[in-house]
Amino acid sequence: MTDSGATVLPGLAEIAEVGRDRVRGGYTRHLLDHAERTLRDWFVERATRLGLDVEVDRNGNSWAWWGAPGPDAFVTGSHLDSVPGGGAFDGPLGVVSALDAVARLQAEGHRPSRPTAIAVFAEEEGSRFGVACLGSRLLSGAVSPERALALTDADGTSLEAVLASAGIDPSGVGPDPDRLSGIGTFVELHVEQGRGLVDLGAPVAMASSILGHGRWRFRFTGQGNHAGATLMTDRRDPMVAAAAVIAGVPALARQHGDARATVGRLRSVPGGTNVIASAVEFWLDARAGDDTVTQALVAEIAAAARAAATANGCEVSVTEESWSARVDFPDGPRTAIDRVLVGAGGRPVPVLPTGAGHDAGVLSAHVPAAMLFVRNPTGVSHAPEEWSDADDCAAGVDALTRVIRELT
Ligand code: GLV
Ligand code: MN
Ligand code: MN
């Protein structure tokens, strides 16, 4: 590995101290918290320095326009929020690369032939309000404003209240068909979140597809009680029921080919060492290439949850919080990008599927969308070990620059 792009790429270096997670390491930047607001301000400052006009849309997404907004726009960008304790690249790499690409094109005197913008989508990770790609979903009408505004974070604060406190009018939240139909092409550059490019020995790839994926909340309730005074035969302990289900998740997922299932978050109420919990919640993230497989897997896990609840004298409810169907990116933009990048390097651009969700996936149901991936030598993501070499980041900026130059 050479130097990390996080310290060498100017934009990433500028934001390297914003939202550092002192407990986990890496970054915690959640929708409209202090760190994410700092990044929003940084983006405005950076884009304004390039002479771009920045606006925040009705759903809290930022748009930096190179020239006047208009129809058939070329839009690139990604997101600036993170998972808890995430890496430096997931999201910011796409934003920083877009800013660098525009700067390079301006320096060479390029004048875009169509409206061109850098977009930063809000709450892509769904880490604060639970619904992945919330900004692009609201924009495209994939989630209703009523449902979105009522979502609450871990402290019980609603999205409606958080938006209002940030000066974003909650009554404006919802589908934005004019903005959506104005996007002629969307290209998102992103760090690769696996080892596909490492295995291929190439710095940059295009995306072919995204696994269908969703999130489900499992809530077990039992009898809160005294840890010392309650006989082992006398308990209705939701922690035991939840643990039994979680322990069985990997084996159930392995029966379904490429399916993946994860429980990464669990909450015990009230959460006392000497207190049998009265309620335990965990969140299941399940994914597969075939959406019927994902649904079947979740149904099996829900059945296991009901059985475990009964066995422990508890009750359980299962609620779907987020769902994204499988995405197959269209041939059109990919062919156009391939033509540009092959022409540049003479080598065909690899095409890779991904198990990670993206705003480009949400948007691809409505507009021609494509993705560029940049090699990640650790293959690790959603963790501080996420990595991209400076040389590969430069190759990503170079690819995006060529794509913008040719497609605008
Ligand atoms: C976001 O990166 C996701 O795949 O959940
Ligand atoms: Mn992510
Ligand atoms: Mn991302």
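For clarity, every value in this text was computed on a predicted model and none was experimentally measured. (Residues numbered from 1 in each chain as written. Chains lettered and ligands numbered in written order. Predicted model: local features only at pLDDT ≥ 70, side-chain atom pairs only at ≥ 80, totals over all residues. Heavy atoms only, no water.)

A. Quick look at the overall build of the protein chain. Check the secondary structure of the protein chain and you find 14 helices and 15 strands. The C-alpha atoms of the protein chain give 22 Å as radius of gyration, which agrees with the globular expectation for 408 residues (22 Å, within 12%). Viewed in the frame of its principal axes, the protein chain has a C-alpha envelope of about 80 × 45 × 40 Å. Taken across its 408 residues, the protein chain has 55% of its residues classed as buried. (Helix = DSSP H or I, 4+ residues; strand = E, 2+ residues; numbered from the N terminus. Rg over C-alpha atoms; globule rule 2.2 N^0.38 Å. Buried < 20%, exposed > 50% of the residue type's maximum accessible area, 1.4 Å probe, protein only.)

B. Structural context of the domain arrangement of the protein chain. Along its sequence, the protein chain is carved into domain 1 (10-211 + 326-407) and domain 2 (213-324). Averaged C-alpha coordinates put domain 1 and domain 2 at centres separated by 32 Å. Tallying the contact residues gives 13 residues for domain 1 and 13 residues for domain 2. Interface of domain 1 and domain 2: buried area, both sides summed, is about 1100 Å²; carbon and sulfur atoms make up 35% of it. Per-residue buried area on domain 1 facing domain 2 is highest for Arg137, Leu211 and Arg326; these three make up 51% of the total on that side. In this structure, the connection of domain 1 to domain 2 is made through zero salt bridges. Viewed at the interface, domain 2 and domain 1 are joined by 12 residue pairs in polar contact (both at pLDDT 80 or more). Its residues placed into classes, the side of domain 1 that touches domain 2 shows five nonpolar, four polar and four charged. (Domains from an automatic or database assignment. Contact = heavy atoms within 4.5 Å. Buried area = accessible area lost by both parts, 1.4 Å probe. Salt bridge = Lys/Arg side-chain N within 4 Å of Asp/Glu carboxyl O. Polar contact = N/O pair within 3.5 Å; in protein donor to acceptor, adjacent residues only side chain to side chain. Nonpolar A, V, L, I, M, F, W, Y, C, P; charged D, E, K, R; others polar.)

C. Local environment of the site of ligand 1. In the vicinity of ligand 1, the contacting residues are Glu125, Arg287, Ala356, Gly357 and His382. Here Glu125 contributes a side-chain N or O atom positioned 3.2 Å from an oxygen atom of ligand 1. Residue His382 places a side-chain N or O atom 3.1 Å away from an oxygen atom belonging to ligand 1. Taken by itself ligand 1 offers 200 Å² of open surface, and the protein chains cover 95% of this. (Near = heavy atom within 4 Å. Areas by Shrake-Rupley, 256 points an atom, 1.4 Å probe, with all protein chains shown as cover.)

D. Focus on the packing of helix α4 (residues 92-107) against helix α14 (residues 390-407). Running from N to C, α4 and α14 point in directions that differ by 60 degrees, and their axes come no closer than 9 Å. By the angle class used here, α4 and α14 are oblique. Relative to α14, the crossing made by α4 is right-handed. For the pair α4 and α14, contact is made by Leu93, Ser97, Ala98, Asp100, Ala101, Arg104 and Leu105 and by Cys393, Val397, Asp398, Leu400, Thr401, Ile404 and Arg405, respectively. Per-class residue counts for the contact of α4 with α14 are eight nonpolar, two polar and four charged. (Axes fitted to C-alpha atoms, helices over the stretch in contact; angles between N-to-C directions. Parallel < 35°, antiparallel > 145°, perpendicular 65-115°, else oblique. Left-handed = near helix turned anticlockwise from the far one by under 90°.)

E. Geometry of the coordination of the manganese ion (ligand 2). The manganese ion (ligand 2) binds to the protein through Asp90 (OD), Glu125 (OE), Glu125 (OE) and His382 (NE2); the donor distances cover 2.1 to 2.7 Å. Each donor residue of the manganese ion (ligand 2) lies on one chain, and together they are spaced D-x34-E-x256-H. Here the manganese ion (ligand 2) and the manganese ion (ligand 3) are spaced 3.6 Å apart, with Asp90 acting as a shared donor. With Asp90 in the loop between β3 (73-79) and α4 and His382 in the loop between β15 (369-374) and α14, the pair connects residues that are 292 residues apart, well separated along the chain. (Donors = N, O, S within 2.8 Å, 3.2 Å for Na, K, Ca; no water.)

F. Here's a closer look at the coordination of the manganese ion (ligand 3). Those donors, His79 (NE2), Asp90 (OD) and His190 (NE2), are the protein atoms that reach the manganese ion (ligand 3), and they lie 2.1 to 2.2 Å from it. All donors of the manganese ion (ligand 3) come from a single chain, and their spacing in sequence reads H-x10-D-x99-H. Exposure remark for His190: the relative accessible area of 1% places this residue in the buried category.

G. Local environment of the packing of helix α3 (residues 34-49) against α4. Taken N-terminus to C-terminus, the directions of α3 and α4 make an angle of 15 degrees; their axes are 10 Å apart at the nearest point. Overall, the two elements α3 and α4 adopt an arrangement that is roughly parallel. Classified by chirality, the crossing of α4 by α3 is left-handed. On α4, the residues touching Trp42, Phe43, Arg46 and Ala47 of α3 are Val95, Val96, Leu99 and Asp100.

H. How the structure looks around unusual backbone geometry. A cis geometry characterises the amide bond from Val269 onward to Pro270, with omega recorded as 5 degrees. Here Pro270 shows up in the loop between β9 (260-269) and β10 (275-276). Located in the positive-phi region is Leu32, a residue other than glycine, with phi close to 60 degrees. Relative to the helices and strands, Leu32 resides in the loop between α2 (10-14) and α3. We note that Asp72 has phi near 55 degrees; this positive angle belongs to a residue other than glycine. If you trace the backbone, Asp72 turns up in the loop between β2 (62-66) and β3. By relative accessible area, Asp72 is classed as partly exposed at 45%.

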